[in-house]
Each structure stands twice: as C-alpha cells, then as structure tokens.
Amino acid sequence: MTHPEDIRIQDFNYLLPPDRIAKFPLAERDASKLLIYKEGQISEDIYRNITQHIPAGTTLVFNDTRVVEARLLFKKPTGGVIEIFALEQSEQYTDISTAMMQTGTVSWKCMIGGAAKWKHGMVLQKKITGEHPLSIKARITDRLTDTFLINFSWEPSTLSFAELLHLAGIIPLPPYLKRETELSDKERYQTIYAKEEGSVAAPTAGLHFTPGIFSSFAKKNIVAQYVTLHVGAGTFKPVKSDLLADHQMHSEFIDVSFSTIEALIASEHLFAVGTTSLRTMESLYWMGVKANIHPTSEMRGLEVTQWEVYEQLNNLNMSRKQALESLLIWMKKNDLTRIICRTQILIAPGYTVRMADGIITNFHQPQSTLLLLIAALIGDEWKKLYQYALDNDFRFLSYGDGMMIKLVCR
C-alpha cells in the first residue's frame, strides 16, 4: 500500500458554486438524482429505482446512528446567548450509549460559541416550562485543546441525558448550509432507520432511502445489515494542511454486533451505504487482522489508528472472510457480543479496499477526507464524476443528490 502522507490536498479541490449546495431536502427522499458509475461508464437515474442497479444477492451495510439534538442555547443574566455544542462524552464513560443514559448529571466534551463571554466560575442555567418542565445547569470543569469539558446537571434528575437533549436541544445542521435549523429538519436530517443515539451529523447517504425502496429489496434478494458509527463534527473539518501528513484524522465510535459480523462473512457482495459504513467495515477488517496477530490483545489494542494500515499493517494480507472470522474468534475468547471502540482509520489514495464491492454516497466538500476516500476507491475518476454532476444539475452535500460506485474487479 502506498503511503498517502505526501498527498497535496490542493489536488483534491474543485469549484463548488454556493448555489449548487442543497440547503433543503427535496419533498420526497427518493426523488433525488442518482449518478451510477460502473465499469468506467456514467449513467443516471433517481433513488426510487436504485434496486434496479444493485447486483442481486447484495448485502447493503447501513449506519443506524441517530443524530442527537446537540446544540444547547443558554441565555446569560445580562441577555447574551452562549451556545454549547455537545460533541462527545468525556473519557470517564466507556462509550456514547453509556454516557447518553446518565441521569441527573453528565460530563461532556463541548465546543462553545461565545466562550469569551462565559466568565470563570459562572454557572449557566436554562429553564423550560410547559408539558415537560426542565431545569438545566452547565459549568466548565476543564479547558481542553480544542474543546471544553462541561458538567451538566438537571431536574428532574430521572431524565437521561438523551431525553434532556430531545427536550432542550436543537439538531445541528452542517455549517455549510448557513441557515438555522427548522422544524422539518428534525425528521429529514435523520435516516428512516436511525436508532442508536450519538451522532452530531447524519450519515447522509442513507437520507434518500424510503420504506418503498426497502420493500423492493426482496425481489432481488438484497439484504440490509446495520452497523453503527457515531459521526463527529470532525466529518466537516476540511484538511487545512498542505500535506496530508500534517492532518490529524478525527476518531469516532463504532458499535457492531457479533451476528452482523457473521452476516458480513456470509455475504457474497457487500455495498457500503455511506462513507461511515465503509470506514466501519474496513476498521472491522483490520481489527480482525490484528486479532489474528495478537490474539491476547485487549480491545484498545485492536483499535485502528490513522496511519497503521499504511505502516505496521502494510504487508499483511488476509481475505475479508479470514479477517472477520479471526475477529469473531477473539470476541468469543473475550465473551463479547459487540465490538464497541474507536476508529481513526484514514482512507485515502494508496489504500486498497478490503471489504466493499461498491458504495452509495453523496457528493462531498472539496479538500475533505470524504473526497479523499472516494479518490481511494476510483483514483482520478472522481474528477470525471464530480464534473458530470456539476454539468448536469446535481445537488451537492448533505441534502443533495448522490451516486453509486461499483468497484472494478470486485
């Protein structure tokens, strides 16, 4: 595998006019346009007909994470507003689900809008009246490198933090939409299969799928499997360094069941629905490789870091079946029914995909790690696809149209 550290991020730039960014979704989820790339050829359709283009017998891997209402607005006694963006749980909790279920009080890593206005020792308070009265307090307990550690406490203390966010928070839209969240976003910025609380951004490739599309799978023996990757705010972070070597990839939590891994082993064709699903699948592969090499390793030792697939693990090759079976053996030895850990995998040109035969995804921001992932799959052909989309009135980014890529020789 070629190491991508010398990649110049400027080589993954393209002109995206602001009016091509979809600020709102279409009225019908499955009416979005679908670019289809197969064997070097481009065609187009709409998502409603996507089943016609998926090979029979394919397993589609969906990310079932659910976006939480992570924006909390507090008003100071002087009238100024401070926004707290709840990014991820503090280190004292083993995973997001555990932290989300905390009652009465919780510690969370947050970004703060207007942090300079939040004087040392000040406790912010927010009260909600009506059918579900709620009182929330927030105080800074530590200042971290890019974030703050915030202690939240609330009454009634029987509520979980997830319930508190539902009642008091706001769905965080991507910053490039440059608009306030509207009531309709509460539904449309979630996939219809969203289940596991924890993301601050939607796995947007799945926003186009409808009950009608799912019901059409049976006629081609297409099966849905679900993994969880909780999408962090880092997904919107552009690569600001000139060389990829100087970019710090964000880490995110994944959660995958034993039975799902068994289903992936049994599948003849695997398509990832979204970059987050692909990153999860590829992380499982490398965790299996590491479990095979170090069968006595703890979970932390199996976690995939940013560069190791290009360095320490570079010359290790196993089939996806062998890798996943090794991971299952490790899980059995450790009496685990789920893999719950972080991944920092960076998929960029030079990477060889091990798990997926194709991907369904949206069009991504210039100079982003998501665009680098697409370039890793199809090389410079990404330029042809994106230019076609620009020339043919496709809508871009989270609420925009999408594409399906069938990988060559898979």
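First, a word on what this report is: a plain description of the structure on this page.

Rules used in this analysis
- Residues numbered from 1 in each chain as written.
- Predicted model: local features only at pLDDT ≥ 70, side-chain atom pairs only at ≥ 80, totals over all residues.
- Heavy atoms only, no water.
- Phe/Tyr/Trp six-rings, centres within 6.5 Å; stacked < 30°, edge-to-face > 60°.
- Buried < 20%, exposed > 50% of the residue type's maximum accessible area, 1.4 Å probe, protein only.
- Lys NZ or Arg CZ within 6 Å of the ring centre and 35° of its normal.
- Helix = DSSP H or I, 4+ residues; strand = E, 2+ residues; numbered from the N terminus.
- Contact = heavy atoms within 4.5 Å.
- Pairing = 2+ DSSP bridges.
- Axes fitted to C-alpha atoms, helices over the stretch in contact; angles between N-to-C directions.
- 1 Å grid on protein atoms, 1.4 Å probe; cavity = no way out; pocket = protein on both sides within 12 Å on 5 of 7 lines; lining within 4 Å.
- Points joined across faces, edges and corners; volume = space filled by probe spheres on them.
- Nonpolar A, V, L, I, M, F, W, Y, C, P; charged D, E, K, R; others polar.
- Salt bridge = Lys/Arg side-chain N within 4 Å of Asp/Glu carboxyl O.
- Parallel < 35°, antiparallel > 145°, perpendicular 65-115°, else oblique.
- Left-handed = near helix turned anticlockwise from the far one by under 90°.

Regarding the packing of aromatic side chains
1) Next: Inspection of every chain in the model, using the stated rule, returns 26 aromatic pairs.
2) Next: Relative to tryptophan 286, the ring of tyrosine 285 has its centre 4.9 Å away and its plane inclined at 90°; by these criteria the two rings are edge-to-face. There is no split in this pair, since tyrosine 285 and tryptophan 286 are both buried.
3) Next: Positioned above the aromatic ring of phenylalanine 24, the side-chain terminus of arginine 179 is 3.8 Å from the ring centre.

With respect to the environment of phenylalanine 24
1) Next: By the element assignment, phenylalanine 24 lies in the segment before β1 (33-38).
2) Next: Considered as a pair, phenylalanine 24 and arginine 188 are 164 residues apart in the sequence and their alpha carbons are 9.2 Å apart.
3) Next: Residue contacts for phenylalanine 24: discarding those within four places in its chain leaves Arg179, Glu182, Arg395 and Tyr399.

What about the sheet that holds strand β6 (residues 81-89)?
1) Next: Spatially, β5-β6-β7-β10-β9-β8 is the arrangement adopted by the six strands of the open sheet, whose pairing is antiparallel. Edge strands, defined here as strands with exactly one partner in the open sheet, are β5 (71-75) and β8 (124-128). For this sheet, the mean inter-axis angle between neighbouring strands, taken without regard to orientation, is 35°.
2) Next: In this fold helix α2 (residues 161-168) packs onto β5, β7 (105-113), β8, β9 (134-143) and β10 (148-155), with an angle of close to 115° to the strand it touches most, β9.

Focus on the layout of surface pockets
Empty space among the atoms becomes visible once a probe the size of a water molecule is rolled across them.
1) Next: Volume-wise, the second largest pocket comes out at about 420 Å³.
2) Next: As for the second largest pocket, its lining consists of 18 residues, of which Thr94, Phe253, Arg300, Glu303 and Arg342 are closest to the centre.
3) Next: Looking at the lining of the second largest pocket, the elements that each hand over two or more residues are α7 (299-302) and β15 (338-343).
4) Next: In terms of residue count, β15 provides more of the lining of the second largest pocket than any other element does, four residues in total.
5) Next: Among the residues making up the lining of the second largest pocket, the classes are represented as six nonpolar, seven polar and five charged.

Re the pattern of salt bridges
1) Next: Applying the stated criterion across every chain yields a total of 18 salt bridges.
2) Next: Measuring nitrogen to oxygen at the nearest pair gives 2.7 Å for the salt bridge that ties arginine 342 to glutamate 88. Of the two residues, arginine 342 sits in strand β15 while glutamate 88 sits in strand β6, which places them 254 residues apart along the sequence.
3) Next: Given a relative accessible area of 18%, arginine 342 falls into the buried group.
4) Next: On the basis of relative accessible area, glutamate 88 is assigned to the partly exposed category, the value being 22%.
5) Next: When salt bridges with common partners are traced through the structure, they connect Glu88, Glu91, Lys109 and Arg342 into a single cluster.

What about the packing of helix α5 (residues 258-266) against helix α8 (residues 320-333)?
1) Next: Where α5 contacts α8, the two axes come as close as 9 Å, and the packing angle between them is 155°. The angle between α5 and α8 falls in the class roughly antiparallel. Here α5 and α8 pass one another in a crossing that is left-handed. From α5, Phe258, Ile261, Glu262, Leu264 and Ile265 reach across to α8, where they touch Lys321, Leu324, Glu325, Leu327, Leu328, Met331 and Lys332.
2) Next: Here the contact of α5 with α8 is built from residues that sort into eight nonpolar, no polar and four charged.

So, to be careful, I would describe these as geometric facts and stop short of saying anything about function.
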